[in-house]
Amino acid sequence: MKIIAMEEAFTVPALTTHGLAMSRWQRFRESELANMVRRLPDLADLRLADMDEHGVDVQVLSLTNNQGLELQPDPAIAVSDAKLANDVLTEAVRAHPTRFAGLAVLPLQDPAAAVRELDRVVNQLGLSGVLTNGHTLGHYLDEPRFRPVWEALTGHDVPIYLHPGAAPTEWPVFDGHPELLGATYAWAAETGGHALRLITSGLFDTFPTAKVILGHMGELLPFHLSRLDTRLAALETDAKLEKKVSEYFTENFWITTSGVMAHSALIGAVLSVGIDNIMFAVDYPYESTVQAVDFLNSAPLSPADLEKVAHGNAERLLRLA
Ligand code: MN
């Protein structure tokens, strides 16, 4: 069975921006750090060997959040770094066109420049969409400044992957518990909250064809849609939405399995958002490819449904086939 992995990270050591989003609160084990340092900058041998060993046919590559481009305070540096990162990504995809596809990074610090870079990566570089790591210098994507970016995304009909990035640190519930920040838990709440801001801002009434991808089995949202629908309906609110949150979530969102290797969660997500909206991902090199592939291959799904999760949905969304 063909396997496309949707959220696979790389770094570009030549960027000016470096390490801005590295966790200040969590210390990784030495072996984990060594694995990241060795594998993240590699866009050929190590990566392809890992894919070959475990049966991953295609990695959809994206610049890792650890590089921290979204937190670069100088827009001019963000613009030049984004171009360089997208050029490096394109080089890897062109060197191995059957093994790699790419989601570009945009310099969202300067929305007009981000639109120009999106035009370039789609029209000239042939990349498949965009990935951004959380807010950009505290700005979330529902803000009016980003409307031109949504116009360009829907104009090109390419998706944007909303990946976790640096979260706010002032969360009293996590005080004294840095182990719960980052990928452990806080990212899911932060990124899920970002996705919900997009919905309740009415963005998808303005841009009904916009396509957003969420990792990590939908950042817990597939399991909360029922409550969102009933509680929003009970509120006097400025959010005048044409549809229910659950409807936007199934029409405008796709989710990936990155880092969630539990069949209970997968089946819950299938029942919540539908089999056509779920795509496989590993989260290489942070997660184990062998564990992720085993999780996929042993999933309690029909062969036809398994093919959709493994590659079919990704091929359709990213026009890879
Ligand atoms: Mn990731």
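Here's a quick rundown of the structure. Remember, it's a predicted structure, so these values are computed and weren't measured experimentally.

1. Points about the sheet that holds strand β8 (residues 278-279)
Read from one edge to the other, the open sheet built from 8 strands follows the order β1-β2-β3-β4-β5-β6-β7-β8, with strand pairing classed as parallel. Two strands close off the open sheet at either side, each with one partner strand: β1 (4-10) and β8. When strand β4 (residues 129-133) meets strand β5 (residues 160-163), the two strands line up parallel, connected through 4 bridges. Bridging across to β5, Val 130 finds its partner in Ile 160. Across the face of the sheet, helix α3 (residues 75-95) comes into contact with β1, β2 (58-63) and β3 (100-104) while running at roughly 165° to β3.

2. What about the coordination of the manganese ion?
Taken together, Glu 7 (OE), His 163 (NE2) and Asp 283 (OD) make up the protein donors of the manganese ion, found 2.0 to 2.3 Å from the metal. Motif for the manganese ion, donor spacing along one chain: E-x155-H-x119-D. Of the two residues, Glu 7 is situated in strand β1 and Asp 283 in the loop between β8 and α12 (289-297); the sequence distance between them amounts to 276 residues. For the pair formed by Glu 7 and Asp 283, the shared burial category is buried.

3. What to know about the environment of Ala 112
Here Ala 112 is to be found in helix α4 (residues 111-123). Looking at Ala 112, the relative accessible area reads 44%, which means it is partly exposed.

4. Points about the packing of α3 against α4
Look at α3 against α4: their axes get within 11 Å of each other, and the N-to-C directions meet at 15°. Overall, the two elements α3 and α4 adopt an arrangement that is roughly parallel. The crossing of α3 and α4 is right-handed. Across the interface between the two elements, Val 79, Ala 82, Lys 83, Asn 86 and Asp 87 of α3 pack against Ala 113, Glu 117, Arg 120 and Val 121 of α4. Here the contact of α3 with α4 is built from residues that sort into 4 nonpolar, 1 polar and 4 charged.

5. Side note on α4
In this model α4 runs 18 Å from its N-terminal to its C-terminal C-alpha over 13 residues, within 8% of the 18 Å that 1.5 Å per residue would give. Of the positions making up α4, those classed as buried are Pro 111, Ala 113, Ala 114, Val 115, Glu 117, Leu 118, Arg 120, Val 121 and Val 122. Residues of α4 that are buried sit in contact with α3, β3, β4 and α5 (147-156).

6. So, the pattern of salt bridges
Applying the stated criterion to the full structure yields 10 salt bridges. Notably, a salt bridge pairs Glu 117 with Arg 120, separated by 2.9 Å at the nearest N-O pair. On the criterion of helical spacing, the pair formed by Glu 117 and Arg 120 is a turn pair, its members being 3 residues apart in helix α4. With respect to burial, Glu 117 and Arg 120 carry one shared label: buried. A salt bridge links Arg 197 to Asp 142; the shortest N-O distance between them is 2.8 Å.

7. Details of the nonpolar core
With 78 residues, the main nonpolar core has Leu 118, Trp 150, Phe 204, Phe 249 and Phe 280 as its most contacted residues. The residues contacting Phe 249, other than those within four sequence positions of it, are Ile 199, Leu 214, Gly 218, Leu 221, Pro 222, Leu 225, Ile 255, Val 273 and Asn 277. By size, the runner-up hydrophobic cluster in this structure holds 15 residues, among which are Ile 4, Met 6, Val 58 and Leu 318.

Definitions and limits used
Residues numbered from 1 in each chain as written. Predicted model: local features only at pLDDT ≥ 70, side-chain atom pairs only at ≥ 80, totals over all residues. Heavy atoms only, no water. Pairing = 2+ DSSP bridges. Helix = DSSP H or I, 4+ residues; strand = E, 2+ residues; numbered from the N terminus. Contact = heavy atoms within 4.5 Å. Axes fitted to C-alpha atoms, helices over the stretch in contact; angles between N-to-C directions. Donors = N, O, S within 2.8 Å, 3.2 Å for Na, K, Ca; no water. Buried < 20%, exposed > 50% of the residue type's maximum accessible area, 1.4 Å probe, protein only. Parallel < 35°, antiparallel > 145°, perpendicular 65-115°, else oblique. Left-handed = near helix turned anticlockwise from the far one by under 90°. Nonpolar A, V, L, I, M, F, W, Y, C, P; charged D, E, K, R; others polar. Expected span 1.5 Å × (residues − 1). Salt bridge = Lys/Arg side-chain N within 4 Å of Asp/Glu carboxyl O. Core = buried A, V, L, I, M, F, W, Y, C linked by side-chain atoms within 4.5 Å.

Scope: geometric values only; no functional claims are made or implied.
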